[in-house]
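Each chain is listed here by its residues.
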6 protein chains.
Amino acid sequence: MLTITKCYSFSAAHRLWNAALSSEENEQAFGMCIRTHGHNYKLEVTVMGLPDPVTGMIINLPVLDAIVQEVILTHVDHRFLEQDVPFLKDVLTTVENVVVIFFERLQPAIPEPARLFRVRLFESDQNWAEAVAQDSI
Amino acid sequence: MLTITKCYSFSAAHRLWNAALSSEENEQAFGMCIRTHGHNYKLEVTVMGLPDPVTGMIINLPVLDAIVQEVILTHVDHRFLEQDVPFLKDVLTTVENVVVIFFERLQPAIPEPARLFRVRLFESDQNWAEAVAQDSI
Amino acid sequence: MLTITKCYSFSAAHRLWNAALSSEENEQAFGMCIRTHGHNYKLEVTVMGLPDPVTGMIINLPVLDAIVQEVILTHVDHRFLEQDVPFLKDVLTTVENVVVIFFERLQPAIPEPARLFRVRLFESDQNWAEAVAQDSI
Amino acid sequence: MLTITKCYSFSAAHRLWNAALSSEENEQAFGMCIRTHGHNYKLEVTVMGLPDPVTGMIINLPVLDAIVQEVILTHVDHRFLEQDVPFLKDVLTTVENVVVIFFERLQPAIPEPARLFRVRLFESDQNWAEAVAQDSI
Amino acid sequence: MLTITKCYSFSAAHRLWNAALSSEENEQAFGMCIRTHGHNYKLEVTVMGLPDPVTGMIINLPVLDAIVQEVILTHVDHRFLEQDVPFLKDVLTTVENVVVIFFERLQPAIPEPARLFRVRLFESDQNWAEAVAQDSI
Amino acid sequence: MLTITKCYSFSAAHRLWNAALSSEENEQAFGMCIRTHGHNYKLEVTVMGLPDPVTGMIINLPVLDAIVQEVILTHVDHRFLEQDVPFLKDVLTTVENVVVIFFERLQPAIPEPARLFRVRLFESDQNWAEAVAQDSI
């Protein structure tokens, strides 16, 4: 199995707050993440496939860059995730929930025969979530 | 000259907006930083001095940790800088302005004979500001 | 498949020495690792599952932190592995052997429906071992 | 499943140019990579197996070091890949193509019962390719 | 003293060869660096000054980006340093020599009242050179 | 001012214990560092000077490597600092004390006209000490 990975980054504000819970329940569930804060997110996008015989590439990285820019980065970079991003409205923006949404947006955008294999989203160097294509493993 | 450095981190939201400027002037000056976003800030605090003969330390790091926690981190971690932090109210929170304020708060808190030498504040791995004590160089 | 990963660190001393071997055999097998030395170990714990609908989390990270602290870190941080740690007594503390023991200690401690997926233990930035749950792949 | 990983690095020059294409087609396919440039490549070699009962190791890292040195590094370090390296002559040295060739060279060199599991080749911190043994997953 | 630093990167090929020396002398002086190879160079540019009262910035980073792009990066990124770069022709491209040339090109390009304080050039994470303005220290 | 820096690493065990203090005083001063533990130390050695006109180098890095190996690394790598290293016997091995001793050992070993400018010793990515030549600043 062969993959290529490209790493992106964006800066965003967010908070964790579930409107269906009381203030006490929110604080118990999310601690100080109920306060508006932010991260330098790092996003790793991994595509699987075979190298094209002419270019030697699974996917041309400038092509992947343009996809990730259009599908993800332009919407989330320098944004307040829950407030500014249409596809994150009313979403609890845990790193798990966000990485799944990013995966679902990216998967149909990758041109065949390449396929999206994995998306990793780092909230910091110390914690991250990872979504892997189910038919790939 | 001898120094000891300890590295801290905090996550915060901010935006750059000067109320004395028009919207167009703000956008020209600050670009997409006029939108609420956030960072994993990294803070390096450097203290100069001589090692204490009994402990071999310029400053005991748990002591430094407690100072930085009380003077800086408890106020800014998981906060919206301009909105939530009393000493950053009405401040344009560029990394230059913030590092100067952090330096000025930390300097009187370092117990003698140690002295604050330098504070570095990283907005990301790619850009940071640094304030150095004037009488140290 | 979805996972969340949290990164921990600890500092420990160790040496590699098999009491069943002669000094020459130990030196041949382990080189300068027969001498007492130490590392800043880095430990990555990866948990798989589905985000809880209420919290958006596979596992609440403070819960995971408390588990890793109790099951691993409190025993090994600032310790001499073979001498001080009951569950590493008489163990040849190669990074492979230690990561398996950490995996076996962590696996039953992860609260359902989340499941331990992977444990990575870094002796340095240049070498690490990784144990992956067999039923996960 | 248990693996051990060791990280290596080398510096090399390369360019992307397909002699079967016109200059315009090359520039369209490869952009500024048609110009001679270079990288600090990072190479991660991952070996799977069970720890030897006597040594506690899947593979002794100095043994792995010698294999990687002989099979890969001595040929590519401080070289112009397409011009100087016999097994990369006439190869389009995309990171995908090179990682496959490295995998194929390393796989038969790993002494049983250990087996090569994965090779990752980083052109930079921002992009890398990864080849995984097909029978391992 | 207050500074702001921005980090850039570029990929380039080079070799060390002094035409005034014999082959043996070149090999003795430069070892395997006499062979064409390459690096992911990292460039840190540090500017000193006072924050502008209106913008809170020593220098607006997009302005600095444009300067570094025009004065340095456009000339050296994806290039063979000694062959392709007019201002490095006939230069022995040690990291010391290159950082001095970069410093001299950048210094007059920084708009007053800001001043260039320091340029660091990393050939790798393990070695770098640093040029500091003489009147700054 | 121009400098060149090279980065080294070594793994060592140590503990902090002042024989002139009681057990309670030691624990109060050094916390859990009174227990035998260890680190992957990182050592940055910075040399100042002018590039040699023939080689373009302040100091040839293989020469610096040999000096650091002989003066420092061979004594401390894979060692128990207070027990195994003659020049650290009876020394309280705080990172401040050790960096001063390293500086004093390295300074006379650097061949003129180059001069030792700075030594940085990292106990971890989060804390380090730095000794700078007094006549250099």
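Further up the page is the structure itself.
What comes next is a walk through the structure.

The rules behind these values
Along each chain, residue indices are assigned from 1 in the same order as the chain's sequence is written. Key to labels: chains lettered from A, ligands numbered from 1, both in the order written. Totals for whole chains, interfaces and linings use all residues, but because this is a predicted model, local features are given only for residues with pLDDT of at least 70 and pairs of side-chain atoms are given and counted only at 80 or more. The side-chain quantities take in all heavy atoms of the structure and omit both hydrogens and water. The numbering of helices and of strands both runs from the N terminus, where a helix is a DSSP run of H or I of at least 4 residues and a strand a run of E of at least 2. For every residue, the accessible area obtained with a 1.4 Å probe (protein chains only) is divided by the maximum for its type, and the residue is called buried under 20%, exposed over 50%, and partly exposed between those limits. In this description, contact between two residues means that some pair of their heavy atoms is separated by no more than 4.5 Å. Per-residue and other accessible areas were derived by the Shrake-Rupley procedure at a 1.4 Å probe size, with only the shown protein chains allowed to occlude residues. His is not counted, nor are the chain ends; Lys and Arg add positive charge and Asp and Glu add negative charge. Lys charges are placed at NZ, Arg charges at CZ, Asp charges at CG and Glu charges at CD. In this context, the arc is that of the directions from the helix axis out to the C-beta atoms. Alignment of copies: least-squares fit on C-alpha atoms of residues with pLDDT of at least 70 in both copies. What counts as a disulfide here is a pair of cysteine sulfur atoms lying within 2.5 Å. In this analysis, axes come from line fits to C-alpha atoms, helices being fitted only over the stretch in contact, and the angle between any two N-to-C directions falls in the range 0 to 180 degrees. Here a crossing is called left-handed whenever its near helix is offset anticlockwise from the far helix by less than a right angle, and right-handed whenever the offset is clockwise. The quantity reported as buried area is the accessible area (1.4 Å probe) lost by two parts once they are put together, taken as the sum for both. Salt-bridge detection follows one rule: a side-chain nitrogen of Lys or Arg within 4 Å of a carboxyl oxygen of Asp or Glu. Any pair of nitrogen or oxygen atoms within 3.5 Å is treated as a polar contact; in protein, a donor-acceptor pairing is required on top of that, and neighbouring residues in sequence qualify only through side-chain atoms on both sides.

### Re the overall build of chain A
Then comes step 1: Of regular secondary structure, chain A possesses 4 helices and 5 strands.
Then comes step 2: Projected onto its principal axes, the C-alpha coordinates of chain A cover approximately 60 × 30 × 25 Å.
Then comes step 3: Burial status across chain A gives 61% buried among its 137 residues.
Then comes step 4: A sequence separation of at least 24 residues applies to 64% of the contacts in chain A between residues at least 6 apart.
Then comes step 5: A total accessible area of about 5,600 Å² is found for chain A, and carbon and sulfur atoms account for 51% of it.
Then comes step 6: In chain A, 10 positive and 18 negative side-chain charges are present, and the distance between their average locations comes to 4 Å.

### Observations regarding helix H1 (residues 23–30) of chain A
One full turn of an α-helix is made of 3.6 residues, so residues set three or four places apart face in the same direction.
Residues and elements named next belong to chain A.
Then comes step 1: The set of residues buried in H1 consists of Asn26, Ala29 and Phe30. The arc enclosing the buried residues of H1, seen along the axis, measures out at 75 degrees, which places them on a common side. The exposed residues of H1 that point more than 90 degrees off its buried face are Glu24, Glu27 and Gln28.
Then comes step 2: Just downstream of H1, Gly31 is the residue with a positive phi angle, here 55 degrees.

### Looking at the relation of the copies chain B and chain A
Then comes step 1: Overlaying chain B with chain A gives an RMSD of 0.0 Å, the required rotation being 180 degrees about an axis along which the chain moves by 0.0 Å. When the rotation and shift are considered jointly, the pair of chain copies conforms to a two-fold rotation axis.
Then comes step 2: A share of 100% of the interface residues of chain B reappears at the interface of chain A, consistent with the copies meeting face to face through the same patch.

### Regarding the state of the cysteines
Then comes step 1: Here the structure, examined in full by the defined rule, presents 0 disulfides over all chains.
Then comes step 2: The cysteine Cys7(A) is free of any disulfide, with Cys7(E) supplying the nearest cysteine sulfur at 14 Å.
Then comes step 3: Here Cys7(A) falls in the buried class, since its relative accessible area comes to 8%.

### As for the packing of helix H2 (residues 61–76) of chain B against helix H4 (residues 95–106) of chain B
Geometry of a packed helix pair, given as the angle between the helix axes and the separation of the axes.
Residues and elements named next belong to chain B.
Then comes step 1: Two elements in contact, H2 and H4, have axes separated by 10 Å at closest approach and are oriented at 145 degrees. Crossing hand, H2 versus H4: right-handed. For the pair H2 and H4, contact is made by Ile67, Val68, Val71, Ile72, His75 and Val76 and by Phe102, Arg105 and Leu106, respectively.

### Some remarks on unusual backbone geometry
Then comes step 1: Put simply, Glu112(A) and Pro113(A) share a cis peptide bond, and its omega is 5 degrees.
Then comes step 2: Position of Pro113(A) relative to the elements: it lies in the loop between helix H4 (95–106) and strand E4 (115–124).
Then comes step 3: We note that His78(D) has phi near 55 degrees; this positive angle belongs to a residue other than glycine.
Then comes step 4: Mapped onto the fold, His78(D) is located in the loop between helix H2 (61–76) and strand E3 (79–80).

### Some points on the interface of chain B and chain A
Then comes step 1: Contacts between the two partners involve 18 residues from chain B and, on the opposite side, 18 residues from chain A.
Then comes step 2: Taken together, both faces of the contact between chain B and chain A bury some 1,500 Å²; the carbon and sulfur share is 52%.
Then comes step 3: When the buried area of chain B at its contact with chain A is split by residue, Arg35(B), Asn40(B) and His78(B) rank highest and sum to 40% of it.
Then comes step 4: The interface formed by chain B and chain A includes 0 salt bridges.
Then comes step 5: Inspection of the chain B/chain A interface yields 13 residue pairs in polar contact (both at pLDDT 80 or more).

### Let's talk about the relation of the copies chain F and chain C
Then comes step 1: Of the transformation placing chain F onto chain C, the axial shift is 0.0 Å and the rotation is 180 degrees, giving an RMSD of 0.0 Å.
Then comes step 2: By residue overlap, the copies meet face to face through one surface: 100% of the interface positions of chain F are interface positions in chain C.

### As for the interface of chain F and chain C
Then comes step 1: Between chain F and chain C, the contact holds 18 residues from the first and 18 residues from the second.
Then comes step 2: Buried area between chain F and chain C, summed over both chains or domains, comes out near 1,500 Å², and the portion from carbon and sulfur atoms is 52%.
Then comes step 3: When the buried surface of chain F facing chain C is broken down by residue, Arg35(F), Asn40(F) and His78(F) rank first, second and third, together holding 40% of it.
Then comes step 4: Counting across the chain F and chain C interface gives 13 residue pairs in polar contact (both at pLDDT 80 or more).
Then comes step 5: Mapped by element, the contributors of at least two residues to the side of chain F that touches chain C are strand E1 (2–14), strand E2 (37–48), strand E3 (79–80) and strand E4 (115–124) of chain F.
Then comes step 6: At 4 residues, the largest contribution of residues to the side of chain F that touches chain C is made by E2(F).

In short, geometric facts, not functional conclusions.
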